[in-house]
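# Inside the fold
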Amino acid sequence: MPFASSAQSTFNVSGGCLNVVGFSFGQPAGEHGDRCYSTTYQHEVFVNERFTIGGGVGCSLHGKYSYYAIPLFISSHFFFLDKCFSPFANLRIGAYGMFGAKNVGTFDKHSLADKDHDQAFNFYFSPSIGVKAHISPNIAVVASVADEAYLVKAFDVNHKDYRSMLAHSLAVNVGICFQIKGW
């Protein structure tokens, strides 16, 4: 009698990499939070049917602090089910470059430090939870909620000085994930 797997495999683990293109809109979270609009691209390899790891790049616009960020990160997805519809957890962690900062050295609540007080490392991380729904064997739609956090050196009104702090956004992400066979 032949063995038949009961799993409803969605992506073909040996047939290419997982690619995710997503768009986010985030509202400020916490005292130093910031509104954020972003897009990301993630390219991950399959470790098994439910776990991927890889890297990615993004671009985001931050409203109150008034700057653009280009994060480079390692990324990982864990799909809770090997089904066409599955909840998942994703973690992105890395560094970012800051560009076009306009609210610099003004000593107000969302003021960034000037070049003389710059921080040594621009840390970025974004944990999220969401769902994936396949529309074909190689293409799925994803939706998630994420905490997008950027380490900034910003003015702390309580201490009347510039300090490194995490600026959080509670973001809603939508996107598409796809598998290109043989890639």
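Each remark here, short or long, concerns the structure printed above.
Below you will find a few notes about this structure. Computed from a prediction, not measured in an experiment: that's the story for all the values here. (Residues numbered from 1 in each chain as written. Predicted model: local features only at pLDDT ≥ 70, side-chain atom pairs only at ≥ 80, totals over all residues. Heavy atoms only, no water.)

## Focus on the sheet that holds strand S5 (residues 85-99)
Inclusion rule: What makes two strands pair is DSSP finding at least two bridges between them. Strands here are runs of E lasting at least two residues and helices are runs of H or I lasting at least four, both read from the DSSP assignment and numbered beginning at the N terminus. To obtain each axis, a line is fitted to C-alpha atoms, and for helices this fit is confined to the stretch in contact; angles are then taken between N-to-C directions over 0 to 180 degrees.
The antiparallel closed barrel is built from 8 strands, whose spatial order is S1-S2-S3-S4-S5-S6-S7-S8. Averaged over all adjacent pairs, the angle separating strand axes in this sheet is 25°, with direction ignored. For strand S3 (residues 51-62) and strand S4 (residues 67-79), the ladder comprises 10 bridges, and the chain directions are antiparallel. Counterpart to Ile-53 in the pairing with S4 is Ser-76.

## So, a nonpolar patch on the surface
Test applied: Exposure above 30% relative accessible area and no salt bridge define the residues that can form patches, which grow by joining like charges within 9 Å and nonpolar side chains of Val, Leu, Ile, Met, Phe, Trp and Tyr within 5 Å. Note on areas: these come from Shrake-Rupley sampling with a 1.4 Å probe, and a residue is covered only by the protein chains present in the view. Criterion for a salt bridge: a side-chain nitrogen of Lys or Arg within 4 Å of a carboxyl oxygen of Asp or Glu.
On the surface, a cluster of nonpolar side chains totalling about 710 Å² of accessible area is made up of Phe-25, Tyr-37, Val-57, Leu-61, Tyr-68, Ile-70, Leu-72 and Phe-99. Elements represented by at least two residues in the nonpolar patch include exactly S3 and S4. Per element, the largest residue contribution to the nonpolar patch is 3 residues, and it comes from S4. Checked against the element boundaries, Val-57 lands in strand S3.

## Details of the environment of Phe-46
Considering the arrangement of structural elements, one finds Phe-46 in strand S2 (residues 36-46). Put simply, Phe-46 and Gly-16 are 30 residues apart on the chain and 8.1 Å apart in space, counted from C-alpha to C-alpha.

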